[in-house]
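If you want the building blocks of each chain, they are given just below.
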Amino acid sequence: MGAKDITEKNLEAFNDVFADIVNVLLFKGNKIMKEKDLESAAKDSMFKADGKIHQQERDVSKFWKNGEVRISILGFENQTVQDPNMPLRVISYDGASYKQQLLDSDKEKKKKNLYPVVTLVLYFGTEEKWSTHKNLLSCFKVPEELKPFINDYKINVFNIAWLSDKTIDMFQSDFKIVAKYFQTVRLKKDYKGSTEEIKHVDALLKMLSALTGDNSFEEVYNDGNLKKGGVTMCEVVEKIKNEGVIEAKAEIIRNLIESNAGTLEQIAAWVKLPVKEVKKIAAKVPVQA
């Protein structure tokens, strides 16, 4: 998996976020899935092709337990671009999970409790809805006479940017922030953030950076410009805007320093930035011989 995929799945791997997503998207906000009933599942599955063993992996996968009985497994696939082959990918993941259950049952020489497999495709695109390629038959050109004999396999796609305010308000985890951000982008509105405290700050900002391609979310955290507790998206957005202003003025500051136009305090007053920010920029200006 690439770095983008790895960062995407960090937030959803937390049980509180995973359960929250399932409860809202599948159960209309009812708290049917509990955090304590989730355990991490092996995401990797193997298949043989061309005489070789290949590995495939879901973004996030967990067992949903009822007491000591595993009754379901759910996997997430994060998508920012529509994939016409997604039904094939999902059926291969799900089929591999069922195959593994049969192998485990045969290996133990006794009947095991089998469980169903559910895969959710979370689509974060903002330009158009994922409206096609949601079932197996959409992947092929099939003669009408043959269609009745092909088992059609539908996939569960959720257009996150098109969720309603009512649905987004049902989320109680950090995923509410993610959903609201993409809805705002889709509506082409100015995202100002919320005052709700972020629980998984690092994972949330990494996920936003990965999904949007904008590293500002991750950088504002890595630079240590956020306080360590009680961080909100309002503060994150404000810090990003401030850093953008500083960066825009950085070249002017460097030129003023190199030309000995004035003291750092004077330059700070001219560009209307705090002296400490001007000193940070000055520290990166090469010392003239």
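Higher on the page you've got the structure.
What counts, and where the lines are drawn
Residues numbered from 1 in each chain as written. Predicted model: local features only at pLDDT ≥ 70, side-chain atom pairs only at ≥ 80, totals over all residues. Heavy atoms only, no water. Core = buried A, V, L, I, M, F, W, Y, C linked by side-chain atoms within 4.5 Å. Buried < 20%, exposed > 50% of the residue type's maximum accessible area, 1.4 Å probe, protein only. Helix = DSSP H or I, 4+ residues; strand = E, 2+ residues; numbered from the N terminus. Contact = heavy atoms within 4.5 Å. Expected span 1.5 Å × (residues − 1). Arc of directions from axis to C-beta. Patch = residues over 30% accessible without salt bridge, like charges linked within 9 Å, V, L, I, M, F, W, Y side chains within 5 Å. Areas by Shrake-Rupley, 256 points an atom, 1.4 Å probe, with all protein chains shown as cover. Salt bridge = Lys/Arg side-chain N within 4 Å of Asp/Glu carboxyl O. Lys, Arg positive; Asp, Glu negative; His and termini not counted. Charge placed at Lys NZ, Arg CZ, Asp CG, Glu CD. Phe/Tyr/Trp six-rings, centres within 6.5 Å; stacked < 30°, edge-to-face > 60°.

## Overview of the nonpolar core
Okay, step 1: In terms of nonpolar packing, the biggest core is built from 45 residues, with Leu-25, Leu-122, Phe-124, Ile-160, Phe-175, Met-233 and Val-236 touching the most fellow members.
Okay, step 2: When contributions to this core are tallied by element, the ones reaching two or more residues are α2 (15-25), β4 (60-66), β5 (69-79), β6 (117-123), α5 (175-186), α6 (201-212), α7 (216-222) and α8 (233-258).
Okay, step 3: Excluding residues within four positions of it along the chain, Phe-124 makes contact with Glu-12, Asn-78, Gln-79, Thr-80, Ile-160, Phe-175, Val-178, Phe-182, Met-207 and Leu-211.
Okay, step 4: Formed by ten residues, the second largest nonpolar core is a distinct cluster that contains Ala-250, Ala-268, Leu-273 and Ala-282.

## A word on α6
Okay, step 1: Here α6 is twelve residues long and its end C-alpha atoms lie 17 Å apart, about the 16 Å a rise of 1.5 Å per residue gives.
Okay, step 2: Most of α6 sits inside the fold, with nine of its twelve residues counted as buried.
Okay, step 3: For α6, the set of buried residues is Val-201, Ala-203, Leu-204, Leu-205, Met-207, Leu-208, Ser-209, Ala-210 and Leu-211.
Okay, step 4: Positive phi shows up at Gly-213, right after α6, with a value of about 80°.

## Re helix α9 (residues 264-271)
Since the α-helix advances by 3.6 residues per turn, residues separated by three or four positions end up pointing in the same direction.
Okay, step 1: Three or more residues of α9 are buried, namely Ile-267, Ala-268 and Val-271. Mapping the buried residues of α9 onto a view down its axis gives an arc of 105°, with all of them on the same face.
Okay, step 2: Lys-272 lies just past α9 and shows a positive phi near 60°.

## A closer look at a positive patch on the surface
Okay, step 1: On the surface, Lys-239, Lys-276, Lys-280 and Lys-284 cluster together into a positively charged patch.
Okay, step 2: Looking at where Lys-239 falls in the secondary structure, it is placed in helix α8.

## Describing the environment of Val-117
Okay, step 1: Structurally, the position occupied by Val-117 is in strand β6.
Okay, step 2: A C-alpha to C-alpha distance of 6.1 Å links Val-117 and Leu-74, two positions 43 residues apart in sequence.

## Some details on unusual backbone geometry
Okay, step 1: A positive phi angle, near 55°, is found at His-133, a position not held by glycine.
Okay, step 2: Inspection of the secondary structure puts His-133 in the loop between β6 and β7 (156-159).
Okay, step 3: If you check the backbone angles, Lys-188 has positive phi at about 60° while not being a glycine.
Okay, step 4: Within the secondary structure layout, Lys-188 lies in the loop between α5 and α6.

## A few points about the pattern of salt bridges
Okay, step 1: Tallied over the entire structure, the rule returns nine salt bridges.
Okay, step 2: Linking Glu-77 and Arg-89 is a salt bridge whose minimum nitrogen-to-oxygen distance equals 2.8 Å. Separated by twelve residues along the polypeptide, Glu-77 in strand β5 and Arg-89 in helix α3 (residues 86-107) bring together distant segments of the chain.
Okay, step 3: The shortest N-O distance in the salt bridge between Arg-89 and Asp-83 comes to 3.3 Å.
Okay, step 4: For Asp-83, a relative accessible area of 16% translates into the label buried.
Okay, step 5: Each member of the salt-bridge network shares a partner with another, and the members are Glu-77, Asp-83 and Arg-89.

## Let's talk about the packing of aromatic side chains
Okay, step 1: For the structure shown, the criterion picks out ten aromatic pairs.
Okay, step 2: With a centroid separation of 6.0 Å and an interplanar angle of 45°, the aromatic rings of Phe-27 and Trp-64 are classed as tilted. Taken together, the residues Phe-27 in the loop between α2 and β1 (38-40) and Trp-64 in strand β4 connect sequence positions 37 residues apart.
Okay, step 3: For the pair Phe-124 and Phe-175, a centre-to-centre distance of 6.4 Å together with 65° between the ring planes defines the contact as edge-to-face. Of this pair, Phe-124 sits in the loop between β6 and β7 while Phe-175 is found in helix α5, placing the two residues 51 residues apart along the sequence.
Okay, step 4: Among the residues examined, Phe-124 registers a relative accessible area of 2% and is labelled buried.

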